[in-house]
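Listed here are the chains, written in short residue letters.
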Amino acid sequence: MMYALYLSAYHERKFWFSNRQELEREITFQGDSAIYYSYYKDMLKAPSFERGVYELTHNNKTVSLKTINAVQQMSLYPELIASVLYQATGSNEIIEPVYFYIGIVFGLQGIYVTALFVTSWLMSGTWLAGMLTVAWFIINRVDTTRIEYSIPLRENWALPYFACQIAALTGYLKSNLNTYGERFCYLLMSASTYTFMMMWEYSHYLLFLQAISLFLLDSFSLEQSEKVHEVYKIYIFSLFLGYLLQFENSALLVSPLLSLVVALMLAKCLQLNVKKGTFIAKIMKVINFYLVCTLTVTLNIIMKMFVPHKENGHMLKFLEVKFGLNMTKNFTMNWLLCQESLQAPSQDFFLRLTQSSLLPFYVLVLIICFLSMMQVIFRRINGKSLKETITLEDGRIGGRPEIIYHVIHTILLGSLAMVIEGLKYLWTPYVCMLAAFGVCSPELWMTLFKWLRLRTVHPVLLALILSMAVPTIIGLSLWKEFFPRLMTELMELQEFYDPDTVELMTWIKRQAPVAAVFAGSPQLMGAIKLCTGWMVTSLPLYNDDDLLKRNENIYQIYSKRSAEDIYKILTSYKANYLIIEDAICNEVGTMRGCRVKDLLDIANGHVVCEEGDKLTYSKYGRFCHEVKINYSPYVNYFTRVYWNRSYFVYKINTVISFQS
């Protein structure tokens, strides 16, 4: 609750939210966040819930010449739930819709840190670990969450449920869990897995990584095999229930998660009972591993052959270019590569984690847990018997099933985060939880002392002392250094000032016809859809090939193309108005070759991209500059109807014949 209230207070101070008009509040929702919130508004305006859902699933009022199932394509289940709760609880008489919406998201963030708290507590056995986890999470919130920048993002709705699922899974994998606790963890895990899958379209990829971690755990920790296969059943149930309730979403059927789980089930049926530790048992392990990998790939290929689905070709092409397997001049691919969230993490990211002492302790804990885990695995491979119940004196933290799972999972997530910075929001909360668990766990210190053969002081006593002293010292140092900063942030009154956008939206609502269609950058189109409700030609969404193609075509207004070419592109989407943004037209990018106009010139062949390419001069000037000068042939196609310091709005004329 305190964290949710902290977020609410910080948001109020950052945007001065309560003192702004509705239009100014809505402008704070940027990009795809604006689209999500606009559908929440549409649901509240609908005469009934059923009618609202129908209009969203057969939506032809957002993108011109396109009818979309917005609920399926954009995972709008959070907005459906929020709208139902707002009206069913009678909150429309108490609180404004926007406060109710962001209040739910902030509440979920409170659940998020609570789940991390519980997970760390379950692993270490002390609440100190939970407190330290939350402290590191809040101090490093720039790298743990995007809630400050984009409240309605799908991950802000989904990741709290994933954190609950991980907490339940951690408890479920513990060896000393009683029957009632095991049953509770199983039910919580089932509910949170399904909810997570419904909230975020990319959730099955994250669950795929989790399934790989559990598969490796099953391979190394034989006594937990039955529990792991119960988790596989939860995956299958969630996938098929999600498939049915997400309008037969074929992406779930062709997901690698389903292929892996089915392969694991088949491999289990084919397993032979062989005495552990023998040479044959080791060979069978290798064969089983190879069989699972082969079956997974084969099943995925077969499913894609027989199940009609929208192939995310742009994702595969992006990964090829990202890892240097291919070169391209394609605008969309290069534009994605230039996005900060899709690049490798910067040095500042690691510096911030180090300054808060998080990264050094995480590395220490990970190394100790990993080495202990490998030690246990090699003993099992060699057929040595190990105690089923691990005590503190054993100093064998890597023998606990939940620790093996978390070590594998954090390594997988960390490997991805080292390649794509946007994935750090999945990994860094894990770093906070694992580091806090380690320094607060007597077992970890005991494992270290066993290796060091400490004899001068009783190792158990020293481990217990350090497990309390180290987190206390860390907590006090964090309090001294970072608490004043957090209080300063809450006291400082910031201001979000964007009068040009407010003026533009006001003009559109007052002057533009209701049936008008606007064309411009996807980010601006998202804001127009939210603030005015007018139809647009494109959206800031990157999971649909058709929308990506539209975005590329509309962005041609910033290229060196003729007025006739631009006119043909815009009229093909039935656009009535064109909006030129001065910030894009006169962009001064910090990264070489990443400005929108540079990427367009490369894609259109108007500049040298690589050695050996020929330089092609365009006989036309840059359209966004030329159209402002008001000379023929531009005035024949476009008439300026509004402008301010940031935006130029042109009405697209009805032209009978084109001039050469």
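Summary of the structure given here.

How each quantity is defined
Residues numbered from 1 in each chain as written. Predicted model: local features only at pLDDT ≥ 70, side-chain atom pairs only at ≥ 80, totals over all residues. Heavy atoms only, no water. Core = buried A, V, L, I, M, F, W, Y, C linked by side-chain atoms within 4.5 Å. Buried < 20%, exposed > 50% of the residue type's maximum accessible area, 1.4 Å probe, protein only. Helix = DSSP H or I, 4+ residues; strand = E, 2+ residues; numbered from the N terminus. Disulfide = S-S within 2.5 Å. Pairing = 2+ DSSP bridges. Polar contact = N/O pair within 3.5 Å; in protein donor to acceptor, adjacent residues only side chain to side chain. Contact = heavy atoms within 4.5 Å. Axes fitted to C-alpha atoms, helices over the stretch in contact; angles between N-to-C directions. Parallel < 35°, antiparallel > 145°, perpendicular 65-115°, else oblique. Left-handed = near helix turned anticlockwise from the far one by under 90°. Nonpolar A, V, L, I, M, F, W, Y, C, P; charged D, E, K, R; others polar.

A short note on the nonpolar core
Next up, step 1: Residues L214, F518, I528 and I579 are the most contacted members of the largest nonpolar core, which totals 162 residues.
Next up, step 2: For this core, the element with the most residues is helix α7 (residues 97–124), which contributes 13 residues.
Next up, step 3: Of all hydrophobic cores here, the second largest spans 35 residues; its members include F331, M333, Y558 and L599.

Looking at the state of the cysteines
Next up, step 1: The full count for this structure, using the stated rule, is two disulfides.
Next up, step 2: A sulfur-sulfur separation of 2.0 Å characterises the disulfide bridge that pairs C338 with C594. Where C338 bonds to C594 through sulfur, the torsion about that S-S bond is close to -80 degrees, and the disulfide is left-handed. You can see C338 sitting in helix α18 (residues 331–338) and its partner C594 sitting in the loop between α29 (582–585) and α30 (596–603), a full 256 residues away along the chain.

Observations regarding the pairing of strand β5 (residues 647–652)
Next up, step 1: Where burial is concerned, most of β5 is hidden: five out of the six residues are buried.
Next up, step 2: Here five bridges tie strand β3 (residues 577–581) to β5, and the two strands are oriented antiparallel to one another. Looking at the pairing, Y577 lines up with K651 of β5.
Next up, step 3: Across five bridges, the pairing between strand β4 (residues 638–643) and β5 is antiparallel. Each bridged residue has a counterpart across the sheet, and for W643 the counterpart in β5 is F648.

Topic: the side chain of S203
Next up, step 1: Position of S203 relative to the elements: it lies in helix α12 (residues 203–220).
Next up, step 2: Residue class for S203 comes out buried when judged on its relative accessible area of 1%.
Next up, step 3: Here M197 takes part through its backbone oxygen, which lies 3.4 Å from a polar atom of the side chain of S203.
Next up, step 4: When near neighbours in sequence (up to four residues on either side) are disregarded, S203 contacts F196 and M197.

Concerning the sheet that holds β5
Next up, step 1: Here we have five strands laid out as an open sheet, ordered β2-β1-β3-β5-β4, and mixed in their pairing. Because the sheet does not close on itself, it has two edges, and the strands there are β2 (535–536) and β4.
Next up, step 2: Here helix α25 (residues 499–511) sits on the sheet in contact with β1 (517–519), β3, β4 and β5, set at roughly 25 degrees to β5.

Section: the packing of helix α8 (residues 127–139) against helix α24 (residues 459–491)
Between two packed helices, both the angle of their axes relative to each other and the distance between the axes serve to describe the pair.
Next up, step 1: Viewed as axis vectors pointing N to C, α8 and α24 meet at an angle of 30 degrees, and their least axial separation amounts to 10 Å. For the element pair α8 / α24, the angle class is roughly parallel. Seen from above, α8 lies across α24 with left-handed handedness. Listed contacts from α24 to L128, L132, W136, I138 and I139 of α8 are M468, P471, I474, L478, F482 and L486.
Next up, step 2: Its residues assigned to classes, the contact of α8 with α24 shows eleven nonpolar, no polar and no charged.

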